[in-house]
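Survey of secondary and tertiary structure
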Amino acid sequence: MNRTDSNNESHFITLEGGDGSGKTTQIELLANYLNERGIDVHITREPGGTRLGEALREIILHSVDPINDKVELLLLFAARSQHITNVIKPRLSNGQWVLSDRFTDATFAYQGGGRQMGIKDIEVLQTLVQGDFRPDKTILLDLPVEQGILRLTRRGETRDRIEQQDLAFKQRVREAYLERYHQHHSRIALVDASASIHEVHKAITIEIANMVSSSGNRNGD
Ligand code: TMP
């Protein structure tokens, strides 16, 4: 069952893409766009979004001790479970829209594709943690891997455990994301992230236009 069938007021939207694809900038622009239309928005991220989730994020991205792939996968889903139960579902029930910088498609892309874990175990954990809960819409910001790396280099920040992975890993992530898009094209919208910030924002607003018009003007005017 699609969650929106039971609640047509709020929507759960996720932004996905490789490192350097501009998700964080675009999520802020999207939130402003929705706010201007009277829609109450909660921005969150994965891994993270709760106190426990942020603590797990720190471990997942910066652990000095080696973490094997299975542990990484379990930590991601532990953080996700807390996030869904304590933040995402309660906010949606309150009529807020939830915008998440990454969600489970990232696990299929990074752990399934990048780490080459395949999709079976991820699907099992997805069912355990989410049941049939899925985003209403996912924006996939697609960018050639080399451009993503260039953007990260320009930012000059220290790279986390996952950002440090090699080119082949990042190519597999991109391919796995595109595979997700082909398999779930009614939910996932593909947006060319190599365009300007403004053009990417415009493309995203077009993708969610029907959700905005169906939710009406919450200001009551
Ligand atoms: P961010 O830099 O976009 O906030 O994401 C943090 C990193 O975590 C990013 O390199 C992707 C990675 N990640 C996974 O590997 N699997 C996941 O399920 C999620 C949500 C993120």
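Residues numbered from 1 in each chain as written. Predicted model: local features only at pLDDT ≥ 70, side-chain atom pairs only at ≥ 80, totals over all residues. Heavy atoms only, no water.

**Digging into the overall build of the protein chain**
The condition that has to hold: Put simply, DSSP H or I for four residues or longer makes a helix, DSSP E for two residues or longer makes a strand, and each gets a number counted from the N terminus. The size measure is the radius of gyration over C-alpha atoms, and the globule rule it meets is 2.2 Å times the number of residues to the 0.38 power. Partly exposed describes any residue whose relative accessible area lies between the buried limit of under 20% and the exposed limit of over 50%, with all areas from a 1.4 Å probe on protein chains only and scaled to the type maximum. Contacts are assigned to residue pairs that have any heavy atoms within 4.5 Å of one another. Residue-level accessible areas treat just the shown protein chains as cover; the underlying method is Shrake-Rupley with a 1.4 Å probe. The charged-residue count follows a simple rule in which Lys and Arg add positive charge and Asp and Glu add negative charge, with His and chain termini not counted at all. In plain terms, the charge of a residue is placed at NZ if it is Lys, CZ if Arg, CG if Asp and CD if Glu.
The number of helices and strands found in the protein chain is 9 helices and 5 strands. For a compact globule of 221 residues, the expected C-alpha radius of gyration is about 17 Å, and the protein chain comes in at 17 Å, within 12% of that figure. Once the C-alpha set of the protein chain is aligned to its principal axes, its extents read approximately 55 × 40 × 30 Å. Relative to its full complement of 221 residues, the protein chain shows a buried share of 51%. Taking contacts inside the protein chain between residues at least 6 apart in sequence as the whole, the part at least 24 apart equals 78%. For the protein chain, the accessible surface area stands at approximately 11000 Å², while carbon and sulfur atoms represent 49% of it. For the protein chain, the distance from the average site of its 27 positive side-chain charges to the average site of its 31 negative ones is 1 Å.

**Brief notes about unusual backbone geometry**
The omega torsion across Glu46 and Pro47 is -10 degrees, close enough to zero to call that bond cis. Here Pro47 is to be found in the loop between strand 2 (41-45) and helix 3 (51-62). Phi is positive for Gln116, close to 60 degrees, though the residue is something other than glycine. Within the secondary structure, Gln116 sits in the loop between helix 5 (104-114) and helix 6 (120-130). The exposure class assigned to Gln116 is exposed, which follows from its relative accessible area of 58%.

**Structural notes on the side chain of Thr138**
Tracing the backbone through its elements, the reader meets Thr138 in strand 4 (residues 137-142). Given the relative accessible area of 1%, Thr138 is considered buried. Setting aside anything within four residues of it in sequence, one finds Thr138 in contact with Thr14, Glu16, Asp105, Arg187, Ile188 and Ala189.

**Concerning helix 2 (residues 23-36)**
Helical geometry note: an α-helix holds 3.6 residues per turn, so side chains three or four residues apart project in the same direction. Keep this limit in mind: In this analysis, the expected span of each helix is defined as 1.5 Å times one less than the number of residues it contains. The arc in question is traced by the directions running from the helix axis to the C-beta atoms.
Between the first and last C-alpha of helix 2 there are 20 Å, a value that for 14 residues agrees with the 20 Å anticipated at 1.5 Å per step. Of the residues making up helix 2, those classed as buried are Lys23, Gln26, Ile27, Leu30, Ala31, Tyr33 and Leu34. On an axial view of helix 2, the arc spanned by its buried residues comes to 160 degrees, and they lie on one face. Check the buried side of helix 2 and you find it contacts strand 1 (12-17), strand 2, strand 3 (97-101), strand 4 and helix 9 (197-215).

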